[in-house]
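# Summary of the model geometry
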Amino acid sequence: MKREFLALEVTSVVLGACREFLAKEGFVELLPVILAPVTDPLRTTPEWATISAYGRSWYLTRSMIFHKQAAVRVHPKIFCFSPNVRLEPAERAKTGRHLFEFVQLDLEVRGASREEVMDLGERLLLHVLGEVRRECGKDLRVWGREVPEYSRPFPRVSWHEAREEFGEDFEVELSRKHKEPVWLVDFPIDQREFYDREDPERPGILRDMDLLYPEGYGEALSGGEREYQPERIKARILRQGLSLDAFRPLLALAEDGLHPSAGFGIGVERLVRFLCGFSHVGEVRLFPRIPGEDALL
Ligand code: ASN
């Protein structure tokens, strides 16, 4: 079996396993939004992709974070396989983890706490691993990859502890050192976006998390609880040095009433890369969009 064929098989099993798991948990699937008047500010991705149509400019969605917050007003548990365009700097082509067009499984739960969505994330990941092992285990073995087995709960490390132990490169080190997925929790407020909720009991610390794959594969999942009160959102936008005007649609929604919620996103190509043991996410896609590189089709 060719590598490209295997990647398609594994991707297909992953998508099916996520859908099956989430349907049993009471989730509904949203159709993706690709063009939007407002999108994720993402401090680490300075370039914005836009198109103009009908006399205005539209962003290509960097994540559906605000759509998720709006959608849980209608249904308490939503998910979407969301195509995102992020114009990453060309140097990121070498990380093995970046595409400038990718798909994330993005989900959100009304009224949930961070701990509840972490529990969901662990169960979802173990379900997907089990399905891939069952459906593709033999073929992966031919390529030298054994689908790993883990037990939960996965260990948790706070951002501060990780930073203290491993220094600047803590994310890479943590992912390399661990034999099982590991949670990174409690990011400092200025490390993340304004929509991640500040812990009311620990000012300056967020109610958020990342999950890292072991074996050096890096980030698996990212999310947290959300800011939902208009005054809090405004204060966080301003703290970040962003303009309130740029986020007017979100603020209008918040004035109208947003629910407390929590959720996360899992990069699909990164998950398949991990399962297949590939060195670059581009190997997962038939038509990869690698930062700075041209494409045939
Ligand atoms: N999906 C992420 C979340 O739910 C947001 C992102 O992709 N930047 O927090």
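Report on the accompanying structure. (Residues numbered from 1 in each chain as written. Predicted model: local features only at pLDDT ≥ 70, side-chain atom pairs only at ≥ 80, totals over all residues. Heavy atoms only, no water.)

Linking two cysteines covalently through their sulfur atoms gives a disulfide. Enumeration over the complete set of coordinates arrives at zero disulfides. Of all cysteine sulfurs, the one in C80 lies closest to C18, which takes part in no disulfide; the gap is 12 Å. Free cysteine C136: the closest other cysteine sulfur is in C276, separated by 7.8 Å. (Disulfide = S-S within 2.5 Å.)

It is worth spelling out the packing of aromatic side chains at this point. With the rule as written, the count across this model stands at 11 aromatic pairs. A centroid spacing of 5.3 Å and a plane angle of 80° characterise the contact between Y217 and F274, whose relative ring orientation is edge-to-face. Highlighted residues: Y217 in the loop between strand 9 (208–213) and strand 10 (218–225) and F274 in helix 8 (residues 268–276), separated in sequence by 57 residues. Of the two residues, Y217 and F274, neither departs from the other in class, the shared state being buried. The rings of F66, F194, Y195 and F247 are connected pair by pair, giving a single aromatic cluster. Sitting over the ring of W143, R3 keeps its end group 5.4 Å from the ring centre. One Lys or Arg, R62, reaches over the ring of W48 and ends 3.7 Å from the middle of that ring. (Phe/Tyr/Trp six-rings, centres within 6.5 Å; stacked < 30°, edge-to-face > 60°. Helix = DSSP H or I, 4+ residues; strand = E, 2+ residues; numbered from the N terminus. Buried < 20%, exposed > 50% of the residue type's maximum accessible area, 1.4 Å probe, protein only. Lys NZ or Arg CZ within 6 Å of the ring centre and 35° of its normal.)

Moving on, we come to the sheet that holds strand 1 (residues 28–29). If you walk across this open sheet you meet the eight strands as 1-5-6-11-10-9-8-7, and the pairing is mixed. Two strands close off the open sheet at either side, each with one partner strand: strand 1 and strand 7 (156–158). Examined bridge by bridge, strand 6 (residues 101–110) and strand 11 (residues 261–267) share seven bridges and lie antiparallel to one another. What sits directly across from V109, in strand 11, is A262. Across the sheet, helix 4 (residues 159–166) is in contact with strand 7 and strand 8 (182–185); its angle to strand 7 comes to roughly 80°. (Pairing = 2+ DSSP bridges. Contact = heavy atoms within 4.5 Å. Axes fitted to C-alpha atoms, helices over the stretch in contact; angles between N-to-C directions.)

The analysis is restricted to geometry; functional conclusions fall outside its scope.
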